[in-house]
There are 2 protein chains.
Amino acid sequence: MNISTRGRYAIRALIEIAEKGEKSVLTVKKICESQDISTTYLEHLMVKLKKSGIIGSHRGTKGGFFLKMKPEEITLFDIITSVEGPVFLSKCLKTSDKIDCKFSKDCYLRGIYSRLSRAVEDIFKQVTLEQILGEKNGRG
Amino acid sequence: MNISTRGRYAIRALIEIAEKGEKSVLTVKKICESQDISTTYLEHLMVKLKKSGIIGSHRGTKGGFFLKMKPEEITLFDIITSVEGPVFLSKCLKTSDKIDCKFSKDCYLRGIYSRLSRAVEDIFKQVTLEQILGEKNGRG
DNA sequence: CGGATATATGACTTATTTACTCATAATTAT
DNA sequence: ATAATTATGAGTAAATAAGTCATATATCCG
């Protein structure tokens, strides 16, 4: 029940990119220098953020990553699910998983888990990258 | 970001106990027979539920576990934190952990994580064992 | 063109957590 | 006493998270 390093690194990386400016690019190397995290690891996370359409990239010299969506459109939900996969509050909700208990056919708990899951998702959807940037700057 | 088997088993076990009746006891063995889960594993979870005051126990023949709180007083938050530990949405909030990043001293993200964490907690606090029992019985 | 700089991709490794099992002690009813 | 039950802690196996390594591919610039 937590945000792993994948999610937290992704948030920090996006903040860096957003702060750099609207159309400028930022290399993984530079992000990792200021954030003090592993470059090879963040590279993998960046690919996932790209696949979900949050960022774009340019290769080669003067290349790097840039925001493809506006900070006010990027939610914490988008960021975290991009790098950590879908938020399933319970494995029971994951249809791809083998059904692992004898009640799975018609389980009353599934409805409860489902509602809880949506409620948690909503919380993360209500926080945008723009708000996080605001929080960062609006302090002593 | 999910409820593990610890939490799910605990919920099921408490439902069984609650359904048995107010002052009757139920053995781990019987719970596991009807729920089809490992007895030795559930025993450990029961100890945790006991430590948090949700259930009580009697040893020996005719012993077993019983509800110590009323179903309407037991929340999903109580159950899950009992067996899975406190809900820290981010390790950053966990003061017992070694501070693992260079920003930890004065981090603007901590406030955000903290608010999110409380919001998620509230969701789990709003669901009681009584409601779950109602959901179970109020269906075809 | 050719070298430098970046991202892209996937296999591999290590650490941590989860989900158990096993053994044994302590308590209680009959 | 004995059988049934909880109590406790050590140990193990599987899954997930976290991170490394190697290499391919694209782009700019001289």
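Residues numbered from 1 in each chain as written. Chains lettered and ligands numbered in written order. Predicted model: local features only at pLDDT ≥ 70, side-chain atom pairs only at ≥ 80, totals over all residues. Heavy atoms only, no water.

S.K.: Even after reading the chapter, I still don't get the protein's contact with DNA strand C, so can you show me in this structure?
M.R.: Taken together, 27 residues lie near DNA strand C, and K50, S57 and R59 of chain A together with S38 and R59 of chain B sit nearest. Near the protein, within 4 Å, the atoms of DNA strand C are sugar or phosphate in 72% of cases. In the environment of DNA strand C, a phosphate oxygen lies 3.0 Å from a nitrogen or oxygen atom belonging to the backbone of V28 of chain A. Note that a phosphate oxygen of DNA strand C is positioned 2.4 Å from one of the side-chain N or O atoms of S38 of chain B. For the surface near DNA strand C, the elements supplying multiple residues, two or more each, are α3 (39-51), β1 (55-58) and β2 (64-67) of chain A together with α1 (5-20) and α3 (39-51) of chain B. Considering every element that reaches the surface near DNA strand C, the biggest residue donor is α3 of chain A, with four residues. Counted by class, the surface near DNA strand C contains six nonpolar, 14 polar and seven charged residues. (Near = heavy atom within 4 Å. Polar contact = N/O pair within 3.5 Å; in protein donor to acceptor, adjacent residues only side chain to side chain. Helix = DSSP H or I, 4+ residues; strand = E, 2+ residues; numbered from the N terminus. Nonpolar A, V, L, I, M, F, W, Y, C, P; charged D, E, K, R; others polar.)

S.K.: Help me understand the packing of helix α1 (residues 5-20) of chain A against α3 of chain A, please; the structure alone is not making it clear to me.
M.R.: Residue and element names in this part refer to chain A. Contact geometry of α1 with α3 gives a least axis separation of 10 Å together with a crossing angle of 75°. With respect to α3, the axis of α1 lies roughly perpendicular. Residue-level inspection shows T5, R6, Y9, A10, A13, L14 and I17 of α1 in contact with α3, the latter providing Y41, L42, L45, M46 and L49. (Axes fitted to C-alpha atoms, helices over the stretch in contact; angles between N-to-C directions. Parallel < 35°, antiparallel > 145°, perpendicular 65-115°, else oblique. Contact = heavy atoms within 4.5 Å.)

S.K.: For this particular structure, what's the right way to read the relation of the copies chain A and chain B?
M.R.: Superposition of the two copies of the chain requires a rotation about an axis and a shift along the axis. With an axial shift of 0.0 Å and an RMSD of 0.1 Å, the rotation relating chain A to chain B amounts to 180°. The two molecules are tied by a two-fold rotation axis, judged by turn and shift. Every residue of chain A has its C-alpha some distance from the rotation axis, and the shortest such distance is that of M1 of chain A, at 1.9 Å. Here 100% of the contact residues of chain A are again contact residues in chain B; the copies associate through an equivalent surface. (Least-squares fit on C-alpha atoms with pLDDT ≥ 70 in both.)

S.K.: How should I be thinking about the protein's contact with DNA strand D in this particular structure?
M.R.: Not every one of the 26 residues close to DNA strand D is listed here, only the nearest: S38 and R59 of chain A together with K50, S57 and R59 of chain B. For DNA strand D, the backbone portion of the atoms within 4 Å of the protein, that is sugar and phosphate, comes to 69%. The backbone of V28 of chain B places a nitrogen or oxygen atom 3.1 Å from a phosphate oxygen of DNA strand D. Contacts to DNA strand D include R59 of chain B, whose side-chain N or O atom sits 2.7 Å from a sugar or linking oxygen. Looking at the surface near DNA strand D, the elements that each hand over two or more residues are α1 and α3 of chain A together with α3, β1 (55-58) and β2 (64-67) of chain B. Considering only residue class, the surface near DNA strand D consists of five nonpolar, 14 polar and seven charged.

Just geometry here; none of it tells us what the structure is for.
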